[in-house]
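Take a look at the letters that make up each chain.
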There are 2 protein chains.
Amino acid sequence: MRKKVTLKQLAKELNLSISTVSKSLKNDPEISQKTINRVHELADFYNYKPNALAVSLKSSKTKTIGVVLPEILNHFFAKALFGIEQEASKSGYKIVTCITNESYSKEVEYVEMLNYSSVDGFIVALSQETQVLNKFDHYQALKRDNVPIVMFDRVSEEIECDKVIVDDKVASKNAIQYLVDTGCRKIAVIKTIGDLSVAKLRLEGVKEVTAQNNGVSLVELSLGDSESFENEIENFLKTNDIDAVLGLDETAAAVTINMSLKLGYKIPEDISVIGFTDGLLSKHSYPKLTTVSQHAEDLGARAAQILVNQLDNFTENYKTKTEIIKTSLIVRDSTN
Amino acid sequence: MRKKVTLKQLAKELNLSISTVSKSLKNDPEISQKTINRVHELADFYNYKPNALAVSLKSSKTKTIGVVLPEILNHFFAKALFGIEQEASKSGYKIVTCITNESYSKEVEYVEMLNYSSVDGFIVALSQETQVLNKFDHYQALKRDNVPIVMFDRVSEEIECDKVIVDDKVASKNAIQYLVDTGCRKIAVIKTIGDLSVAKLRLEGVKEVTAQNNGVSLVELSLGDSESFENEIENFLKTNDIDAVLGLDETAAAVTINMSLKLGYKIPEDISVIGFTDGLLSKHSYPKLTTVSQHAEDLGARAAQILVNQLDNFTENYKTKTEIIKTSLIVRDSTN
DNA sequence: GTGAAAGCGCTAACAC
DNA sequence: GTGTTAGCGCTTTCAC
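Residues numbered from 1 in each chain as written. Chains lettered and ligands numbered in written order. Predicted model: local features only at pLDDT ≥ 70, side-chain atom pairs only at ≥ 80, totals over all residues. Heavy atoms only, no water.

Chain A carries the name LacI family DNA-binding transcriptional regulator in an unreviewed UniProt entry, which gives Aquimarina gracilis as its organism.

Enquirer: Run through the protein's contact with DNA strand C, naming residues and quoting values.
Expert: The environment of DNA strand C is formed by 26 residues, the closest being Lys23 and Lys58 of chain A together with Leu7, Lys26 and Tyr48 of chain B. The side chain of Lys8 of chain B places a nitrogen or oxygen atom 3.3 Å from a phosphate oxygen of DNA strand C. Looking at the surface near DNA strand C, the elements with two or more residues in it are α2 (18-25) and α4 (52-59) of chain A together with α1 (7-14), α2 (18-25) and α4 (52-59) of chain B. With four residues, the single largest contributor to the surface near DNA strand C is α2 of chain B. (Near = heavy atom within 4 Å. Polar contact = N/O pair within 3.5 Å; in protein donor to acceptor, adjacent residues only side chain to side chain. Helix = DSSP H or I, 4+ residues; strand = E, 2+ residues; numbered from the N terminus.)

Enquirer: Which residues make up unusual backbone geometry, and what values go with them?
Expert: In this chain, Ile267 of chain A is followed by Pro268 of chain A through a cis amide linkage whose omega measures 5°. The backbone of Asn101 of chain A sits at a positive phi, close to 55°, despite the residue not being glycine. As for its position among the elements, Asn101 of chain A is in the loop between β2 (94-99) and α6 (104-116). One non-glycine residue, Asn27 of chain B, lies in the positive phi region at around 55°. Mapped onto the elements, Asn27 of chain B comes out in the loop between α2 and α3 (33-45). We classify Asn27 of chain B as partly exposed; its relative accessible area is 45%. (Buried < 20%, exposed > 50% of the residue type's maximum accessible area, 1.4 Å probe, protein only.)

Enquirer: Can you break down the interface of chain B and chain A residue by residue, with the values?
Expert: Counting from both sides, the interface comprises 55 residues of chain B and, opposite them, 55 residues of chain A. When chain B packs against chain A, close to 5300 Å² is buried across both sides, 60% of that on carbon and sulfur atoms. The tally of links between chain B and chain A comes to two salt bridges. Put simply, chain B and chain A have 20 residue pairs in polar contact (both at pLDDT 80 or more) between them. Elements with a minimum of two residues in the side of chain B that touches chain A: α4, α5 (75-90), β2 (94-99), α6 (104-116), α8 (137-144), α12 (250-263) and α13 (280-283) of chain B. At eight residues, the largest contribution of residues to the side of chain B that touches chain A is made by α5 of chain B. Considered class by class, the residues forming the side of chain B that touches chain A number 24 nonpolar, 17 polar and 14 charged. (Contact = heavy atoms within 4.5 Å. Buried area = accessible area lost by both parts, 1.4 Å probe. Salt bridge = Lys/Arg side-chain N within 4 Å of Asp/Glu carboxyl O. Nonpolar A, V, L, I, M, F, W, Y, C, P; charged D, E, K, R; others polar.)

Enquirer: Account for the domain arrangement of chain A, with residues named and values stated.
Expert: The parts lose accessible area when they come together, and the size of an interface is often stated as this lost area. Residues and elements named next belong to chain A. Split by domain assignment, chain A resolves into domain 1 (7-50), domain 2 (62-165 + 297-324) and domain 3 (168-294). For domain 2 versus domain 3, the separation of C-alpha centres amounts to 30 Å. Taken together, the contact pairs nine residues of domain 2 with ten residues of domain 3. Of the roughly 780 Å² buried between domain 2 and domain 3 on both sides combined, carbon and sulfur atoms contribute 52%. On the domain 2 side of the interface with domain 3, the three residues burying the most area are His75, Phe76 and Gln128, jointly 43% of the side's total. For the pair domain 2 and domain 3, the number of links is zero salt bridges. Counting across the interface, domain 2 meets domain 3 through one residue pair in polar contact (both at pLDDT 80 or more). Counting residues per element, the ones that place at least two in the side of domain 2 that touches domain 3 are α5 (75-90) and α7 (128-133). Its residues assigned to classes, the side of domain 2 that touches domain 3 shows three nonpolar, three polar and three charged. (Domains from an automatic or database assignment.)

Enquirer: Residues and numbers for the sheet that holds strand β12 (residues 328-330) of chain B, please.
Expert: All names here are of chain B. A sheet is described by the order of its strands in space; here six strands give the open sequence β7-β6-β8-β9-β10-β12, paired in mixed fashion. Two strands close off the open sheet at either side, each with one partner strand: β7 (217-223) and β12. The average angle at which neighbouring strand axes cross in this sheet is 20°, direction not considered. Pairing between strand β6 (residues 186-192) and β7: seven bridges, direction parallel. In the strand pairing of β7, Lys191 is matched with Ser222. (Pairing = 2+ DSSP bridges. Axes fitted to C-alpha atoms, helices over the stretch in contact; angles between N-to-C directions.)

Enquirer: Report on the relation of the copies chain B and chain A, specifying residues and quantitative values.
Expert: In the superposition of chain B on chain A (RMSD 0.1 Å, axial shift 0.0 Å), the rotation amounts to 180°. Put plainly, the chains are arranged around a two-fold axis. For chain B, the smallest separation between a C-alpha atom and the rotation axis is recorded for Val96 of chain B, amounting to 2.1 Å. (Least-squares fit on C-alpha atoms with pLDDT ≥ 70 in both.)

Enquirer: Could you give me a rundown of empty space enclosed by the protein, with the residues and numbers involved?
Expert: Scanning the entire structure with this criterion turns up five cavities of 30 Å³ or more. Of the volumes computed, that of the largest cavity is approximately 70 Å³. Considering the residues around the largest cavity, the lining is formed by Asn258, Leu261, Leu281, His284, Ser285 and Tyr286 of chain A together with Asn258, Leu261, Leu281, His284, Ser285 and Tyr286 of chain B. If you list the elements that add at least two residues to the lining of the largest cavity, you get α12 (250-263) of chain A together with α12 of chain B. Its residues assigned to classes, the lining of the largest cavity comprises six nonpolar, six polar and no charged. (1 Å grid on protein atoms, 1.4 Å probe; cavity = no way out; pocket = protein on both sides within 12 Å on 5 of 7 lines; lining within 4 Å. Points joined across faces, edges and corners; volume = space filled by probe spheres on them.)

Enquirer: Could you give an account of the environment of Thr239 of chain A, with specific residues and numbers?
Expert: Residues and elements named next belong to chain A. Position of Thr239 among the secondary structure elements: in helix α11 (residues 229-239). Judged by relative accessible area, Thr239 falls into the exposed class, the value being 64%. Expressed as a C-alpha distance, the spacing of Thr239 and Asp120, which sit 119 residues apart in the sequence, is 54 Å. A distance of 3.3 Å separates the side chain of Thr239 from the side chain of Asn240, its partner in a polar contact.

Enquirer: So what about the packing of aromatic side chains? Which residues, and what values?
Expert: Residue and element names in this part refer to chain A. Within the structure shown, the criterion is met by six aromatic pairs over all chains. On the basis of an interplanar angle of 80° and a centroid distance of 5.0 Å, the ring pair of Phe76 and Phe77 is categorised as edge-to-face. Side by side, Phe76 and Phe77 carry an identical accessibility label, which is buried. Between Phe77 and Phe152, the ring centres sit 6.3 Å apart and the planes meet at 65°, which makes this aromatic pair edge-to-face. Here Phe77 is found in helix α5, whereas its partner Phe152 is found in strand β4 (residues 149-152), with 75 residues between them in sequence. Side by side, Phe77 and Phe152 carry an identical accessibility label, which is buried. A connected cluster of aromatic rings, assembled from ring pairs, spans Phe76, Phe77 and Phe152. (Phe/Tyr/Trp six-rings, centres within 6.5 Å; stacked < 30°, edge-to-face > 60°.)

Enquirer: Tell me what's going on with the pairing of strand β3 (residues 121-124) of chain A, and back it up with residues and numbers.
Expert: Residue and element names in this part refer to chain A. Burial along β3 is two-sided: Gly121 and Ile123 facing one way and Phe122 and Val124 facing the other are all buried. In this sheet, β3 lies alongside strand β1 (residues 64-69) in parallel orientation, the contact comprising four bridges. Paired with Gly66 across the strands is Phe122, a residue of β3. Here β3 pairs with β4 via three bridges, running parallel. Counterpart to Ile123 in the pairing with β4 is Val150.

Enquirer: Describe the environment of Thr130 of chain A, and please don't skip the residues or the numbers.
Expert: All names here are of chain A. Relative to the helices and strands, Thr130 resides in helix α7. Residue classification places Thr130 among the buried residues on the basis of a relative accessible area of 0%. When sequence neighbours within four positions are dropped, the list of residues in contact with Thr130 reads Tyr104, Glu107, Lys135, Phe136 and His138. At 2.7 Å, the side chain of Thr130 and the side chain of Ser127 are in polar contact.

Written out as structure tokens, the structure reads:
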């Protein structure tokens, strides 16, 4: 087993002290150029790299960011993770990723674990269960330890920290407005049970717009378990006289398109469809889905930027902020 | 800034030595029960947790696995990552995830970085560029350092390490055989340029089966840039008289379905379609795609299991193995 | 210019 | 039973 070379070994081989070698590697002007050269030469020869663990122990900085996500099979979070990783690695940070599977207890466990692993900071999207239970002691503990947190998308007002969110309410208002503007009058909203905070906001937006527009009616369909998604939507479409559907997540919209096709409804002639989250399904449905893009990559990247900035430029009285990333309506073929 | 409590502080407050405290926390029988109790009590009070950095420095184990992926927006790798994370966390390992974006130089950089961060082991899927360039010095370096590596899906014979792969050749043979068995005779294979090793195997499988079956013809379409995917496929379908398509990745198959719909071809009556990778698109296309499932989660999970097992039960003369995860053909509605 | 020494927080062999 | 000591690999202050 080849062991990684240490300062000690370099020092010994060069007949120098450890501290001299250490300083030489940092090109300390205290050290003679000649020594510096000798040291660098041998260090290069052995491909010396300082042991990150030891450096971290000394500096109490690990150049590591803990990323806590509720899901990863959801394309939205995969995109966000991508944005985070890109941005973090740009600044020399590694990310350790944990997936809570929407579970509160897993979230607590991971946050504590990461904290005791001395990550420099956290990027978090809350799990659904955490949002329901409204318990945030694990984050309060971080704050007491003075570990910076940036939350994105799934956030809570109860925790004072930087946040990067999407204005879901405005987004759904725009989507509905677009439907109304293109002549739709009998609008259905299909929502999944999950995603409380976010879904609630989206629904609020919907209601505001429909309330303001005379002659526009609204029907809601709440979906249960994903097993029966398709049948529920199919039945809903059959039994309701509607001319537009807003799916509060991507799957709901995609399935709506498929079931309409199955029932022989023409899209967008008979029914216009808009979805949330501009993922794979939206791009590869037929017809292609008009969709609210939440710019997940940007969200993640921005969260990472804010955190890195906070880590690299520590300030005593930091004032937290909430940043809103604009959504955009990507108009494709499922609307008029 | 509250500092995390250390052994030293506990020792001081209890008027004990650091080592006594350390041993007490481990319930060392050397220590009197009374002391043990006192120590535990105070440790609990302060919610003491050993500093992972210090423990790692001492033990040269970080309980961390470096995961190097070529992509994350690809559902296959997202699923694999999920499997890895689940399995790793089960055994108390954290994962630090790096995404090479199919770039060789990024891969090298990340592997070195992770190695100098003292990850205990690696789980890797090679980047496309690395596979093309056929350069693996960065892994040879790991082997010299005696750091275990498990590769999955995108592997190379040039590196001796544990591997978890899918038998792509058998998988595509089965897919084609299924098409033949259900009456298809004029089969098209649509392949993307990328994914060399894997795509090559899949194509080999295809050719073997078509060669063995008299009366079965094969046409190939190689796709360029994703921008023009759809047009290319549409034109191809228009100008070729075929009754079945095997898409060598999920997108190719999904787009084939959509373009067939557009052209008014009935699926599966006019054209049968099979895809690779059982992702979101396959489940939410219309009609639903018959697809080769590579069980990405299992792949990832198995890779993690093998690595963890190797890490937790170190043996001197370890013999590497290659494990093949069986694929399965998930028959849905796009085939007869 | 170079080196000795302390210390980051922990473990473990070895006193007493 | 408890404490002392050395050491993991590094940085940094201070002495020479």
